[in-house]
Amino acid sequence: INQPSKKLGQQIVAELEKVSLYLGFVVLLVVALCSELLKDALQFTSVYPFIAIVVAIVISIPLTFRTAYLRSQRDFSGASLSGVVTSVAKLLFSIILVYAALKTFGAVIGIVLSQTTALLYTNYRAKKVGYVRPRSSKHTPNFKLLKPQMPYAVFVLCMSLLTTLQISIDVTIVKYLFSPEQAGNYAAIATVARIIFFLAGSIIAVMISSTSLLK
C-alpha cells in the first residue's frame, strides 16, 4: 500500500475489501436474477451452479486480500501453501461431491468449500505475520479515506477483470455454441494450454502485492 503508516495502510486495505465485498454481493444478486437466462444460454440443467460459483467468488474476495497481505510481508511460503490448500481441497471436495451424484452443482460446491478452507488457513497465517483487521463503526465504506487510492484501485480492478475475461471468454463462447461434452473437452485442453500463462502470472501477482510508490 502507498502509505508510510502501517496502521493507516491496513485501514485503507480493509475499506477496499469492504467495497469489493459489496460489489460481490451486487454481482450475486444480478446473477440470481438472471440465472434462468444463463442456464438456458449455457445449456445447464439447473440455476444453482451459477449461484454457487458467485458465492465462491464472494468468498475469494477476503481470501485474495489475505493472500496479498502475505506476499506484501514476504511470506511467500504462506501464500504458496494457501494456493496448495485451495487446489487440494478443490480436487477432494469436487470429486467427492460429483461422485455423490451432485454432478455440476457438486463440482461448484467443491469450489465453495475449498475457498472457505483456504480462507480459514490464509486468515490464520496472515494474523501470524501481523495482520490486524481494523475495527470500524461504519458498515458503509469510508470513501473519504479511499479517495486518494481509487485511481490505482480502479486500474488494478480493470486489469484483473480484463485478465479474467481473456482466460475465460473462449470457454464461455464454446459452452454457448457447442454441446456440453464438446465444451468440457475444450475446457480441459484450454486449461492445459494456459499453464504457461499461470506460470508467468504468479510473478506478476507477487509484484503487484510487493511494490508501491514508496519503494
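Look above for the structure.
Residues numbered from 1 in each chain as written. Predicted model: local features only at pLDDT ≥ 70, side-chain atom pairs only at ≥ 80, totals over all residues. Heavy atoms only, no water.

Turning to the overall build of the chain, a few remarks are in order. Secondary structure assignment for the chain yields eight helices and zero strands. Shown N-terminal to C-terminal, the secondary structure of the chain runs as helices and strands in the order α-α-α-α-α-α-α-α. The C-alpha radius of gyration computed for the chain amounts to 19 Å, which stays within 12% of the reference 17 Å derived for 215 residues, consistent with globular compactness. Judged by the C-alpha coordinates and their principal axes, the chain covers about 55 × 35 × 30 Å. Put simply, the chain has 215 residues, and 28% of those count as buried. Surface exposure of the chain reaches about 13800 Å², of which carbon and sulfur atoms provide 72%. Computed over 20 positive and 7 negative side-chain charges, the separation of the two mean positions in the chain equals 16 Å. (Helix = DSSP H or I, 4+ residues; strand = E, 2+ residues; numbered from the N terminus. Rg over C-alpha atoms; globule rule 2.2 N^0.38 Å. Buried < 20%, exposed > 50% of the residue type's maximum accessible area, 1.4 Å probe, protein only. Areas by Shrake-Rupley, 256 points an atom, 1.4 Å probe, with all protein chains shown as cover. Lys, Arg positive; Asp, Glu negative; His and termini not counted. Charge placed at Lys NZ, Arg CZ, Asp CG, Glu CD.)

The next thing to look at is the packing of helix α2 (residues 48–72) against helix α3 (residues 76–128). At a minimum axis distance of 8 Å, the contact between α2 and α3 shows a crossing angle of 165 degrees. Here α3 runs roughly antiparallel to α2, going by the angle between their axes. At the point where α2 passes α3, the crossing takes the left-handed sense. Across the contact of α2 with α3, the residue classes break down as 21 nonpolar, ten polar and three charged. (Axes fitted to C-alpha atoms, helices over the stretch in contact; angles between N-to-C directions. Parallel < 35°, antiparallel > 145°, perpendicular 65-115°, else oblique. Left-handed = near helix turned anticlockwise from the far one by under 90°. Nonpolar A, V, L, I, M, F, W, Y, C, P; charged D, E, K, R; others polar.)

Moving on, we come to the packing of aromatic side chains. With the rule as written, the count across this model stands at three aromatic pairs. Consider the rings of F44 and F50, whose centres lie 4.8 Å apart with planes at 55 degrees: the pair is tilted. Classification of F44 by relative accessible area gives partly exposed; the value is 24%. By relative accessible area, which is 10% here, F50 ends up buried. Residues Y48 and F105 carry aromatic rings whose centres are separated by 6.0 Å and whose planes lie at 55 degrees to one another, so their mutual orientation is tilted. Of this pair, Y48 sits in helix α2 while F105 sits in helix α3; the two residues are 57 residues apart in sequence, bridging distant segments of the chain. (Phe/Tyr/Trp six-rings, centres within 6.5 Å; stacked < 30°, edge-to-face > 60°.)

Another point: α2. Over its 25 residues, α2 extends 36 Å from the first C-alpha to the last, a length consistent with the 36 Å expected when each residue adds 1.5 Å. Maximal helix bending in α2 amounts to about 30 degrees, located at S60; proline P62 follows within four positions. R74 occupies a position one or two residues after α2 and carries a positive phi of about 65 degrees. (Expected span 1.5 Å × (residues − 1). Bend = angle between axes of the 7 residues up to and from the residue.)

In the Ramachandran plot, Q43 falls in the positive-phi region, its phi being about 60 degrees despite a non-glycine side chain. With a relative accessible area of 33%, Q43 lands in the partly exposed category. Look at R74: it is not a glycine, yet its phi comes out positive at around 65 degrees. The residue R74 is located in the loop between α2 and α3 in this model.

A few words now on α3. Taking 1.5 Å per residue, 53 residues should reach 78 Å; α3 reaches only 13 Å between its end C-alpha atoms and comes up short. At L102, α3 shows its largest bend, some 155 degrees. Immediately beyond the C-terminal end of α3, within one or two residues, lies G130, with a positive phi of roughly 110 degrees.

What follows covers the environment of L8. With respect to the secondary-structure elements, L8 resides in helix α1 (residues 6–41). A relative accessible area of 26% places L8 in the partly exposed class.

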